[in-house]
Amino acid sequence: MTKNKKINLVVFAAVTVIIGGCATNTSKENTEKAKEDSQVLNIAADSEMDTMDTTISTTNFTAMNNVFDGLLSYDLSGEIVPADSKDMPEISEDGLTYTFTIREDANWSNGTPVTAADYQFAWQRMVDPANGSGYAYLFSGIIKNAEAILASEKTVDELGIEAVGDKRVKVTLEQPVPYFINLLTIPPYFPQNEAYVTEQSKNYGLSAETTIYNGPFVLSDWTAAEGNSWKYVKNDGYWDKDTVKLDAVNAQVVKEIGTGINLYDSGQLDTFSLSGNFVPQYKNDEDFKTKDKAWIYYLELNQEIPELANKNIRKALMTAIDRKNFTDNVLQDGSEPIYGHVPRGLAKHPETTVDFREEAGDIAGFDVEKAQEAWEEGLKELDKKEIMLELTTSDTEDSKKLAEFIQSEYQKNLPGLTIEIRQMPDNSRLDNVKKGDYQMATTYWSADLADPINFVERFSTEINRGNYSFEDVDKWIEKSNQQYNDLSARWESMIQAEKVALGEHYVDIPIYQTAEPYLEQSYVKDIYLPVFGSTSYKYAYLDKAQ
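Figured I'd write up the structure that's included with this text. Counting from 1, residues in each chain are numbered in the order their sequence is written. Whole-chain, interface and lining totals are the exception, using all residues; otherwise, since this is a predicted model, local features are given only for residues with pLDDT of at least 70 and side-chain atom pairs are given and counted only at 80 or more. Only hydrogens and water are removed before side-chain values are computed, so all heavy atoms of the structure are retained for them.

### Focus: the packing of helix α16 (residues 471–482) against helix α17 (residues 487–503)
The packing of two helices is summarised by the inter-axis angle and the distance between the axes. Operational definition: Lines fitted to C-alpha atoms define the axes, with helix axes restricted to the stretch in contact, and inter-axis angles between N-to-C directions lie between 0 and 180 degrees. Helix numbering and strand numbering both begin at the N terminus, where a helix is a DSSP run of H or I of at least 4 residues and a strand a DSSP run of E of at least 2. Should an angle fall under 35 degrees it is called roughly parallel, over 145 degrees roughly antiparallel, and 65 to 115 degrees roughly perpendicular, with every other angle called oblique. Helix crossings are classified by the rotation of the near helix relative to the far one: an anticlockwise turn of less than a right angle makes the crossing left-handed, while a clockwise turn makes it right-handed. We call two residues contacting when some pair of their heavy atoms lies within 4.5 Å.
Where α16 contacts α17, the axes come no closer than 8 Å and their chain directions differ by 160 degrees. By the angle class used here, α16 and α17 are roughly antiparallel. For the element pair α16 and α17, the recorded crossing hand is left-handed. Facing Asp-472, Val-473, Trp-476, Ile-477, Lys-479 and Ser-480 of α16, the residues of α17 in contact are Arg-490, Ser-493, Met-494, Gln-496, Ala-497, Val-500 and Ala-501.

Dropping the structure here:
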């Protein structure tokens, strides 16, 4: 081999190494860039999904809100906006008729258009007594003839919804309902395609392949029989697909908190909910966050018990609990004390946009001196020096903590009061309270709709489980129901109903509003986490290049 050939081979080898090195570096850079640009969110779910049939399901609302649209929905700021409906509805002067025009580009994932008939079919299925829908009560007394249909006194074709041509939906209410548009954002009011549901028959909604979708995502890799994981995939046929930034959301059922934390720490989950003793451990972590929930815990008082029929005794019980001490030092999960019934973040004034809880203010409170004054007065009126009361509670860990804290507070702050705790499974506790087989009971209420009336109406004679009746409370509730054409006046009536019920009659004792603590990576942006309603990934995206 000549000297020149040797030199050329050396040069060639060097160039090859350089080029190979550049190719390797470029490949690594491309891989890293792909990871940064990846719009795939990894989440955990609490439980398996049993069905995607909105007529049947009572639990899978988060999934349904991500793969289906209703006539209306929420934007990222929590405002109600048109979804399948092209615009907000036309409403008659008497508040009884709502007319919607469905947008032309609203389609099902099989390519067929969403029509007015899809809404008519779905709503009729909801109120058909043969289906036994768990959420049919959200139609009863609201949509015309729904109550009579559920009682088998009328047929489903008499329900107050009419398809006026392919794209016009006319809804007639039983009575004016100011919060009706809120109901349209939840799955029981979503559409179903009759031809497809009929074709699938008993298989409808039992797998990703036997369901069609009209929302931001479609389901993939899921069956009800083996539902431990599934995937939301961006729906390219969705009318608002340009808003959707995520390509996919991978969901897996994680029931053990420790397992979830390990998956989060290893990068297999981008967000994960915490509970129990894990909350204090991660409270100072930079990824730790909390969100309020429209869920309150309170004490129900059975006024058929002579001691609890005494107003001063109830007043003492109202003011003898240090709620903040409980949330800060016992729960430690982001929950906050509450001094009324309507939770923070549920609803805003229709004109001023001030939160209901902020405007109504603190009605309950903690004041040991005031509590003891009322207590002594109540004992005199009852001609007693001591009282023993039974506190019924469920057998969950948080319920046990609450019951023991209440027992301690009352026995410390109200001399002569003894509290005996009666624990039982939650279903048994609820059944006993409904039957009136209790004295005091820890209980909770979670919003069915984003309107204060859902909490305030529970004070009424017809609904309350405390066996009481106060004419002034009923008056304010009834007044609010009649003020459908004056929303500000209605708002004030609901505030007065809460103030009179809790601040004058002390009908029950609010304790705290729950929060959901969770871990979330800093690159996760704009997951919609409402106080009431379901998590939405429509607006979410990942910014790993930050």
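There is more to say, and it comes next.
### Points about the sheet that holds strand β8 (residues 217–220)
The criterion, for reference: In short, DSSP must find at least two bridges between two strands for them to pair.
Here 4 strands make up an open sheet; going across it, the order is β1-β10-β9-β8 and the pairing mixed. Each end of this open sheet is capped by a strand with a single partner; those strands are β1 (40–45) and β8. Neighbour-to-neighbour, the strand axes of the sheet open up by a mean angle of 25 degrees, direction not taken into account. Taken together, the 6 bridges between β1 and strand β10 (residues 248–253) define a ladder with parallel strand orientation. By the bridge assignment for β10, Ala-45 is matched with Val-253.

### Overview of the packing of aromatic side chains
Going by this rule: Stacked, tilted and edge-to-face pairs are distinguished by plane angle, under 30 degrees for stacked and over 60 for edge-to-face with tilted covering the rest, among Phe, Tyr and Trp rings (Trp via its six-membered ring) whose centres lie within 6.5 Å. Each residue's exposure class comes from its accessible area (1.4 Å probe, protein chains only) as a fraction of the maximum for that residue type: buried when under 20%, exposed when over 50%, partly exposed otherwise. Whether a charge sits over a ring comes down to the Lys NZ or Arg CZ being within 6 Å of the ring centre and within 35 degrees of the ring normal.
For the structure shown, the criterion picks out 20 aromatic pairs. Look at Phe-68 and Tyr-213: their rings are 6.0 Å apart centre to centre, the planes differ by 25 degrees, and that puts the pair in the stacked class. Of this pair, Phe-68 sits in the loop between α2 (61–67) and β2 (72–74) while Tyr-213 sits in the loop between α6 (194–200) and β8, and the two are 145 residues apart along the sequence. No difference in accessibility class separates Phe-68 from Tyr-213, as the two residues are buried. Through successive ring pairs, a cluster of aromatic residues spans Trp-295, Tyr-297, Phe-326, Phe-405, Tyr-444 and Tyr-512. Against the face of Trp-239 rests Arg-103, its NZ or CZ located 3.6 Å from the ring centre.

### A closer look at the side chain of Thr-514
Among the structural elements, Thr-514 can be located in strand β17 (residues 508–520). Accessibility expressed as a relative area gives 10% for Thr-514, which makes it buried. Setting aside its immediate chain neighbours within four residues, Thr-514 contacts Asp-292, Lys-293, Trp-295, Tyr-297 and Ser-335.

### Quick look at helix α9 (residues 311–319)
Side chains that are three or four residues apart share a direction in an α-helix, a result of its 3.6 residues per turn. Stated precisely, the cut-off is as follows: Any N or O atom pair separated by 3.5 Å or less is treated as a polar contact, with the protein-specific requirement of one donor-capable and one acceptor-capable atom, and with residues adjacent in sequence counted only for side-chain atom pairs.
Burial analysis of α9 places 7 of its 9 residues in the buried class, the great majority of the element. Asn-312, Ile-313, Arg-314, Ala-316, Leu-317, Met-318 and Thr-319 are the residues of α9 that are buried. The N-capping residue of α9, defined by a side-chain oxygen 3.0 Å from the backbone nitrogen of Asn-312, is Asn-310.

### What to know about unusual backbone geometry
For Asp-383, which is not glycine, the phi dihedral falls at a positive 60 degrees. In this fold, Asp-383 is placed in the loop between α12 (368–382) and β14 (387–394). In the Ramachandran plot, Tyr-506 falls in the positive-phi region, its phi being about 50 degrees despite a non-glycine side chain. Examined against the element boundaries, Tyr-506 turns out to sit in the loop between α17 and β17. Given the relative accessible area of 12%, Tyr-506 is considered buried.

Shape descriptors only; they carry no functional weight alone.
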